[in-house]
Amino acid sequence: MSYKTIVVNLAVDADPAPIVKLAAELAQRFDAHLVGLAAADVPPLVATGEGLVYEGEVMQIQRLEIEKRLAELRDIFEKLVPASISSEWTQYISGPTRALGLVARSADLIVTADGGEDVFRAVDIGSLVLGAGRPVLVAAANAEHLLGKTVLVAWKDGREARRALSDSLPFLAKANQVVVATMEADSGGDVRNSLADVAVYLEQHGIMARTEVIAGDADGDRLVAFARSIHADLIVSGAYGHSRLREWAFGGVTRSLIGQGDINRLLSN
């Protein structure tokens, strides 16, 4: 198994160089086709002295500014991606989360930096992970490389973790060390058996993994601290959440990982 098509999201309000370099490196490592994407949209309402109203002329100016920025990002993408890598560019006048969801139909992996709160100009990581149906690699802030020599798999015996484990196999196969860890207050036989089954599954794919039980209740900060203690630069985790009144409600560990901007995270749902 490998990633054959990787989509990288270039945020319109951020320096695109780090994420493009990281994604190009991954495309080279996996011999994958790289799709550069940038998207932004014009808010349907604008503020005036009389309140919120539709303002056609202002919206047109904003659209032109977006189109200019998308053209700049395309130029940067094409200059930074080596000619040896198969690549293409796509752009949308649309919210980035929706645009990535559309492109995800033909992709194996989505690569993005952390998102933001302006849904018209920044990706909503939670909505993307839970809605795209593809693994999402959220890069650490300004990271230009992802070595993936030591990878931590956050295990919880459920659909989401199983999906994340399968989705991350290309990374795990190239890692020097894979650690599968679960956080449990009671490290009984069921927990040990679950970890042992995961180790067997990975061994069948040619991946030798070490298993660990982190004593105590599930906690995102403790998970990240453990990742640092083993010098992991990638955490693989299932994303646990559901839609509630048109908003995403997340479990504690997922919420922590989404907000953890100083380590690379591969999230699947």
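Heads up: these notes are all about the structure in this document. Given the structure is predicted, the values throughout are model-derived calculations rather than measurements.

Moving on to the overall build of the protein chain. Along the backbone of the protein chain there are nine helices and 14 strands. For the protein chain, with 269 residues in total, the buried portion stands at 48%. Nonlocal contacts in the protein chain, meaning residues at least 24 apart in sequence, comprise 78% of its contacts between residues at least 6 apart. Total accessible area on the protein chain stands at roughly 13,000 Å², and carbon and sulfur atoms take up 48% of it.

This paragraph deals with the sheet that holds strand 11 (residues 234-238). The strand order 5-2-1-6-7-14-11-8-9-10 describes an open sheet built from 10 strands, whose pairing is mixed. Looking at strand neighbours, the two that pair on one side only are strand 5 (87-93) and strand 10 (209-215), the edges of this open sheet. Neighbouring strand axes in the sheet, compared pairwise and without regard to direction, differ in orientation by 25° on average. Across the sheet, helix 1 (residues 17-30) is in contact with strand 1 (5-9), strand 2 (33-40), strand 6 (109-112), strand 7 (136-138) and strand 14 (264-268); its angle to strand 1 comes to roughly 175°. Contacting strand 1, strand 2, strand 5 and strand 6, helix 3 (residues 96-103) runs over the sheet at an angle of about 150° to strand 2.

The next thing to look at is the nonpolar core. Judged by nonpolar contacts, the single largest core of 54 residues is most densely connected at Ile6, Leu34, Val111, Leu137, Phe171, Leu172 and Leu202. If one sorts the elements of this core by residue count, helix 1 sits on top with eight residues. Sequence-distant contacts of Ile6, that is, excluding residues within four places in its chain, are made with Leu26, Ala27, Phe30, Ala32, His33, Leu34, Val35, Leu109 and Val111. Core analysis: the second largest hydrophobic core is formed by 37 residues, Ala99, Leu152, Leu223 and Ile258 among them.

As for its placement among the helices and strands, Ser94 is situated in the loop between strand 5 and helix 3. Relative accessible area serves as the criterion here: at 5%, Ser94 is assigned to the buried category. Sequence-wise, Ser94 and Pro43 are 51 residues apart; in three dimensions their C-alpha atoms are separated by 9.9 Å. The contacts of Ser94, once residues within four sequence positions are left out, are Ala39, Ala40, Asp41, Ala99 and Phe120.

Here we take up the packing of aromatic side chains. One pass over the full model with this rule turns up four aromatic pairs. Centre to centre, the rings of Tyr3 and Phe30 are 5.1 Å apart; their planes meet at 85°, and the pair counts as edge-to-face. Note that Tyr3 is positioned in the segment before strand 1 and Phe30 in helix 1, a separation of 27 residues in sequence. Assessed through its relative accessible area of 1%, Tyr3 is described here as buried. Classification of Phe30 by relative accessible area gives buried; the value is 4%. Taking 5.2 Å as the distance between ring centres and 80° as the angle between the ring planes, the aromatic pair formed by Phe30 and Phe171 counts as edge-to-face. Taken together, the residues Phe30 in helix 1 and Phe171 in helix 6 (residues 169-174) connect sequence positions 141 residues apart.

Looking at where Thr150 falls in the secondary structure, it is placed in strand 8 (residues 150-154). In terms of polar contacts, Thr150 uses its side chain to reach the side chain of Gln177, at 3.5 Å. If we ignore the near neighbours within four places in the chain, the residues touching Thr150 are Gln177, Ile230, His231, Ala232, Asp233 and Leu234.

The next point concerns the pairing of strand 11. Burial analysis of strand 11 places five of its five residues in the buried class, which makes it a mostly covered element. Pairing analysis gives four bridges linking strand 8 to strand 11, with the strands arranged parallel. Counterpart to Val151 in the pairing with strand 11 is Leu234. Taken together, the five bridges between strand 11 and strand 14 define a ladder with parallel strand orientation. Residue Ser237 lies in a different strand from strand 14, and its bridge partner there is Leu267.

Taken together, the buried positions of helix 5 (residues 159-167) are occupied by Glu160, Ala161, Ala164, Leu165 and Asp167. Down the axis, helix 5 shows its buried residues gathered within 165° of arc, on one side only.

On to the pattern of salt bridges. Taken as a whole and judged by the stated rule, the model has 13 salt bridges. Between Arg74 and Glu78 there is a salt bridge, with its nearest N and O atoms 2.9 Å apart. Note that Arg74 and Glu78 are positioned in helix 2 (residues 56-80) at a spacing of four residues, about one turn of the helix. Residue classification places Arg74 among the partly exposed residues on the basis of a relative accessible area of 39%. For Glu78, a relative accessible area of 45% translates into the label partly exposed.

What counts and how
Residues numbered from 1 in each chain as written. Predicted model: local features only at pLDDT ≥ 70, side-chain atom pairs only at ≥ 80, totals over all residues. Heavy atoms only, no water. Helix = DSSP H or I, 4+ residues; strand = E, 2+ residues; numbered from the N terminus. Buried < 20%, exposed > 50% of the residue type's maximum accessible area, 1.4 Å probe, protein only. Contact = heavy atoms within 4.5 Å. Areas by Shrake-Rupley, 256 points an atom, 1.4 Å probe, with all protein chains shown as cover. Pairing = 2+ DSSP bridges. Axes fitted to C-alpha atoms, helices over the stretch in contact; angles between N-to-C directions. Core = buried A, V, L, I, M, F, W, Y, C linked by side-chain atoms within 4.5 Å. Phe/Tyr/Trp six-rings, centres within 6.5 Å; stacked < 30°, edge-to-face > 60°. Polar contact = N/O pair within 3.5 Å; in protein donor to acceptor, adjacent residues only side chain to side chain. Arc of directions from axis to C-beta. Salt bridge = Lys/Arg side-chain N within 4 Å of Asp/Glu carboxyl O.

Limitation: the analysis is restricted to geometry and does not speak to function.
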